[in-house]
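# Descriptive analysis of the structure
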Amino acid sequence: MARRLFSGARDLLAPVPAPSPSPPPPSSSAAAEAAASLLPLLPCKRRKKLLKKLNSPRVAPIEPEADRRVAALDAVLDRDAAFRFLHRARSFMASLPSPHRIPLSAAGKLHREFGFPRGRSVSRAAARHPLLFHLTTVGSVPHLALTPLMCSLLQEERRLHDELLPTRVRAVRKLLMLTAHRRIPLAKLHHCRAVLGLPDDFRDRVREFPDDFRVAVEPNGLRVLELAHWDPALAVSALERDFVVDERRVRRTFRFSVPHRRSMPLDAEDADRLDAATTFPLVSPYTNGALLSPWTPEAEKYRVGVVHELLSLTLEKRALIHHVFEFKEELGLTRHMYASLRKQCRAFYLAGTEMNWTIFLRDAYDDDGVLREKDPLVLFNEKLQGYACMTEMDSKQSW
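Residues numbered from 1 in each chain as written. Predicted model: local features only at pLDDT ≥ 70, side-chain atom pairs only at ≥ 80, totals over all residues. Heavy atoms only, no water.

### Regarding the overall build of the protein
Note the following rule: Comment: elements are numbered from the N terminus, with helices defined as DSSP H or I runs of at least four residues and strands as E runs of at least two. Any two residues having at least one pair of non-hydrogen atoms within 4.5 Å are treated as being in contact. Working definition of accessibility: Shrake-Rupley area with a 1.4 Å probe, residue cover restricted to the visible protein chains.
Looking only at helices and strands, the protein features 20 helices and nine strands. Taking the contacts inside the protein whose residues are at least 6 apart along the sequence as the reference set, 67% of them involve residues at least 24 apart. Total accessible area on the protein is roughly 22300 Å²; 54% of this is exposed by carbon and sulfur atoms.

### Things to note about the nonpolar core
This is how the line gets drawn: Throughout, nonpolar core names a set of buried Ala, Val, Leu, Ile, Met, Phe, Trp, Tyr and Cys residues whose side chains join them through atoms within 4.5 Å. Buried, partly exposed and exposed residues are distinguished by accessible area as a fraction of the type maximum, computed with a 1.4 Å probe on protein chains only: under 20%, between the cut-offs, and over 50%, respectively.
Ranked by size, the top nonpolar core spans 91 residues in total, and within it Phe-114, Leu-132, Phe-133, Leu-189 and Phe-348 carry the most contacts. Beyond its immediate stretch of four places on either side in the chain, Phe-133 contacts Phe-85, Leu-86, Ala-89, Arg-90, Met-93, Ala-126, Leu-144, Ala-145, Leu-146, Thr-147 and Met-150.

### Observations concerning helix H19 (residues 376-388)
For the α-helix, the turn length of 3.6 residues means that residues three or four positions removed from each other point alike. Which entries qualify depends on this criterion: Expected span of a helix: the number of residues minus one, times 1.5 Å.
Between its terminal C-alpha atoms H19 stretches 19 Å, which fits the 18 Å expected from 13 residues at 1.5 Å a residue. Restricting attention to buried positions, one finds in H19 the residues Leu-377, Val-378, Phe-380, Asn-381, Leu-384, Gln-385, Gly-386, Tyr-387 and Ala-388. Where H19 is buried, its residues meet helix H3 (71-82), helix H4 (84-94) and helix H8 (148-178).

### Topic: the sheet that holds strand S6 (residues 223-227)
How we decide: At least two DSSP bridges between two strands are required for those strands to pair. Structural elements are reduced to axes, namely lines fitted to C-alpha atoms, with helices fitted over the stretch in contact, and the angle between N-to-C directions of any two is expressed from 0 to 180 degrees.
Strand order in the open sheet formed by three strands is S4-S6-S5, and the pairing between neighbours is antiparallel. Every other strand in the sheet has two partners, leaving strand S4 (183-185) and strand S5 (213-217) as the edge strands with one partner each. Across the sheet, the mean angle separating the axes of adjacent strands is 30° when strand polarity is ignored. When S4 meets S6, the two strands line up antiparallel, connected through three bridges. Opposite Ile-184, over in S6, you have Leu-225 as the bridge partner.

### Details of the sheet that holds strand S9 (residues 357-361)
The strand order across the open sheet formed by three strands is S7-S9-S8, and the pairing between neighbours is antiparallel. Each edge of the sheet is formed by a strand with only one pairing partner; in this case those strands are strand S7 (318-320) and strand S8 (348-352). Neighbouring strand axes in the sheet, compared pairwise and without regard to direction, differ in orientation by 20° on average. In this sheet, S9 lies alongside S7 in antiparallel orientation, the contact comprising three bridges. Looking at the pairing, Arg-318 lines up with Phe-360 of S9. Those strands touched by H3 are S7, S8 and S9, and its axis lies near 45° from that of S8.

### Re the pattern of salt bridges
Heads up, the rule is: Should a side-chain nitrogen of Lys or Arg be within 4 Å of a carboxyl oxygen of Asp or Glu, the pair is scored as a salt bridge.
Per the stated rule, a full pass over the model turns up 23 salt bridges. The salt bridge partner of Lys-188 is Glu-330, with a shortest N-O separation of 3.1 Å. Of the two residues, Lys-188 sits in helix H9 (residues 186-191) while Glu-330 sits in helix H17 (residues 328-331), which places them 142 residues apart along the sequence. Residue Lys-188 is classed as buried on the basis of its relative accessible area, which comes to 16%. For Glu-330, a relative accessible area of 12% corresponds to the buried category. Across the salt bridge formed by Glu-382 and Lys-374, the nearest N and O atoms sit 2.8 Å from each other. For Glu-382, a relative accessible area of 32% translates into the label partly exposed. Within the structure, one salt-bridge network assembled from shared partners comprises Glu-63, Glu-65, Arg-68 and Arg-342.

### Topic: the packing of aromatic side chains
Spelled out, the test is: For Phe, Tyr and Trp, where Trp contributes only its six-membered ring, two rings pair if their centres lie within 6.5 Å, and the inter-plane angle classes them as stacked under 30 degrees, edge-to-face over 60, or tilted in between.
One pass over the structure, following the stated rule, counts six aromatic pairs. Ring geometry for Phe-85 against Phe-114: centres 6.2 Å apart, planes inclined by 25°, an arrangement best described as stacked. Residue Phe-85 is found in helix H4, and its partner Phe-114 is found in helix H6 (residues 111-114); the two are separated by 29 residues along the sequence. Through a chain of ring-to-ring contacts, three or more aromatic side chains come together here, namely Phe-85, Phe-92, Phe-114 and Phe-133.

These figures capture arrangement, not role.
Right, here's the structure in full:
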């Protein structure tokens, strides 16, 4: 889990030293296996209780076969869990008016906003990050506040969002082009803003781009973002771009089984036809999927391609299944997507538990679980986590 962390810095403009490497926290699947090994040693009642807990969707791994798990990608989720309070609290407190502080008693009730389990102490969680959060007293009332270093980092993050806004607008336009009716509720985009790398105020800034978007208000008051016009230059998926570079690799990315006898005699032409049926034939996700019959192989290939393109638009080429299914109606996804994604082990990796699992694009990560191409916002988050991995002594020694 997260370690004891930082303290104040003398000069905010000085370069940040790279944190010393530390062993990653044990994955949830490894912890579950360790707990399962204790079953024969426990009394009957405790054994039943532990067995019931291990079978719960909260801890049961989404990938039941241990030999198919990738430890490097599982460790990415463990890192997210270790820094959940840091990122949730940073986002929530940045939305507060200056000087970005909140009474400690009120912060303790905002479990979802601060990303810590109910019953945990927010002051203890903040104490793990003394370079970024500190406790102060305002009129005898203890408050949780941001440090000057954290305020300067928030300003840097806002500058990054301003610089990257054209890139984010392009990604949202492509996402709208994936949908059936070229429209998405703004509330859904706001909910998935961290996954897509959107600024917190994106809902208010879309009106700055009248040539790209329109904002409609439905009778129930729901604000919906609509695509202003179709751009054929954007209607090219990541797979189609890679197809030009390496056709063989892209065709082998997805495999769709076709039942047939192994001894079935096939000539060269029939073998090519069968290979075209079992490999990904580049059904563009920007076509109208509503025209396909729902349960045909072509429809399944289309939906898998849509998920691949959606993940390629995300910040870290991965997303929680809840974020993917946030756009279920707009993208025409079905409840059978788990079976479809699990069959495509060359393209996707499913990590996490049955209740909350994540889809990774395999090609976007190397063997060590590191993104091959990092967005500037990803580099900023790593810098922020670098401060989170420094103790007070490390901070003093760096000067």
